[in-house]
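# Coordinate analysis (summary)
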Amino acid sequence: MPELPEVETVRRRLEPVLTGRRLDRVEITDARLVRPYEPDAVAAELQGERVASVERRGKYLIVRFETDRVLLIHLRMTGSLRHSVNGLDDDPHRRALIRLDDGSDVAYRDVRRFGTWLLLEPGELDTYLATRLGEEPLDALFTAARLGRLLAQRRAPVKAALLDQRTLAGMGNIYVDEALWRAKIHPLRPAESLERKELARLHRAVRTSLEDGLARQGSTLRDYKLPDGGSGSMQHEFKVYGRDGEPCDRCGTPIAKIRVAGRGTWFCPTCQPEQGYQAASRSSRAPARSSRQSSV
Ligand SMILES: [Zn+2]
């Protein structure tokens, strides 16, 4: 599934071709894309709208029109957008097609058909996203202290807490595993158990992992394609994701795979010890007992 770096890469490619353009003709050929609304009705509403900007929040693409309505696009598993100035080949997985007023086309393709298009009226976007998304991890306002507050009192494994879009918007299975490896934190650690210096490492690791992904234009797995048909290269840089049995870049230990929150999870058993944490937490409780004893 495309995560923040992939969606942001798509946004950066779409922004120059969509901004200022009018949607001259819109065809939506898969009812699932816009349900429960009628595809023809949504297409008719979109026709004639002029694009003011292309934004992103979490894994959502936000096409904002001059009328302040927005088209909220979620690519889910296999959605992708393709822009072409000289026509498009037939595609059995095409779900929608937009002709722009400069004669170019934007096609939406989705093999698994989990992607969604939702047309929102002016003022509806903030309310819609407020209950679904947490902080933007690349935002300047996102700090280690805020990460600590988001994870406090959460007994769930840190991996599960980070996959929850209401914690950090845009993190998914790939970048969570990569960030936990960088931060040397076991994916099953209870989120609330992270200490201040671990939170600082995790905060830095989340940003570094996402920025690395962005610098390589995302990772190309399954059907992820950029609007010009190109692909990202981050998949060649993964430290742990999908690498079970291969040596850890840092220590050479074979990368292990477990399941956390129902998702395949890769980590280095040496760099990200679970035992080490349990021992440390026991020994950190011990001095408290002994200090009470010594005060008696
Ligand atoms: Zn290692």
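Scroll up to find the structure.
The notes below deal with the structure included here. (Residues numbered from 1 in each chain as written. Predicted model: local features only at pLDDT ≥ 70, side-chain atom pairs only at ≥ 80, totals over all residues. Heavy atoms only, no water.)

## A word on the overall build of the protein chain
Counting secondary structure elements, the protein chain contains 8 helices and 10 strands. With respect to the principal axes defined by its C-alpha atoms, the protein chain has extents near 80 × 40 × 30 Å. Here the protein chain holds 296 residues, and the buried ones make up 47% of them. Sequence-distant contacts, at least 24 apart, represent 63% of the contacts inside the protein chain between residues at least 6 apart. (Helix = DSSP H or I, 4+ residues; strand = E, 2+ residues; numbered from the N terminus. Buried < 20%, exposed > 50% of the residue type's maximum accessible area, 1.4 Å probe, protein only. Contact = heavy atoms within 4.5 Å.)

## Regarding the packing of helix α6 (residues 173–183) against helix α7 (residues 196–215)
Interhelical geometry of α6 versus α7 gives an angle of 130 degrees and a closest axis separation of 8 Å. One element, α6, and the other, α7, form an angle in the oblique class. Relative to α7, the crossing made by α6 is right-handed. For the pair α6 and α7, the contacting residues are Tyr175, Glu178, Ala179, Leu180, Arg182 and Ala183 in the first and Arg201, Leu202, Ala205, Val206, Thr208, Ser209, Leu210, Asp212 and Gly213 in the second. For the contact of α6 with α7, a count of residues per class yields 8 nonpolar, 3 polar and 4 charged. (Axes fitted to C-alpha atoms, helices over the stretch in contact; angles between N-to-C directions. Parallel < 35°, antiparallel > 145°, perpendicular 65-115°, else oblique. Left-handed = near helix turned anticlockwise from the far one by under 90°. Nonpolar A, V, L, I, M, F, W, Y, C, P; charged D, E, K, R; others polar.)

## A short note on the coordination of the zinc ion
Around the zinc ion, the protein contributes the donor atoms Cys248 (SG), Cys251 (SG), Cys268 (SG) and Cys271 (SG), at 2.2 to 2.3 Å from the metal centre. Binding-site remark: the zinc ion is held by donors from one chain whose sequence spacing is C-x2-C-x16-C-x2-C. Here Cys268 lies in the loop between β10 (263–267) and α8 (274–295) and Cys251 lies in the loop between α7 and β9 (256–260), a separation of 17 residues in the sequence. You can call Cys268 buried: its relative accessible area is 0%. (Donors = N, O, S within 2.8 Å, 3.2 Å for Na, K, Ca; no water.)

## Here's the deal with the sheet that holds strand β5 (residues 79–84)
What the 4 strands build is an open sheet, ordered β1-β6-β7-β5; its pairing is antiparallel. Every other strand in the sheet has two partners, leaving β1 (23–28) and β5 as the edge strands with one partner each. Across the sheet, the axes of successive neighbouring strands diverge by a mean angle of 15 degrees, strand direction being ignored. Judged from the 6 bridges that link them, β5 and strand β7 (residues 105–110) form a sheet pairing that is antiparallel. The residue bridging Ser84 from the neighbouring strand is Asp105, located in β7. Helix α1 (residues 4–18) contacts β5, β6 (94–100) and β7 of the sheet and is inclined by roughly 35 degrees relative to β5. (Pairing = 2+ DSSP bridges.)

## Re the environment of Glu66
Following the sequence through the fold, Glu66 ends up in the loop between β3 (60–65) and β4 (70–74). Among the residues examined, Glu66 registers a relative accessible area of 55% and is labelled exposed. Residues Glu66 and Asn173, 107 residues apart in the sequence, show an inter-C-alpha distance of 35 Å. Ignoring sequence-local partners within four residues, the contact set of Glu66 consists of Arg50 and Ala52.

## A few points about the sheet that holds strand β2 (residues 51–57)
The sheet built from 4 strands is open, its strands ordered β2-β3-β4-β8 with antiparallel pairing. Edge positions in the sheet fall to β2 and β8 (116–120), since each has one partner strand and no second. Recorded for the sheet is a direction-independent mean angle of 20 degrees between the axes of neighbouring strands. Pairing analysis gives 5 bridges linking β3 to β4, with the strands arranged antiparallel. Bridge assignment links Arg64 to a residue of β4, and that residue is Val70. α1 contacts β2 and β3 of the sheet and is inclined by roughly 175 degrees relative to β2.

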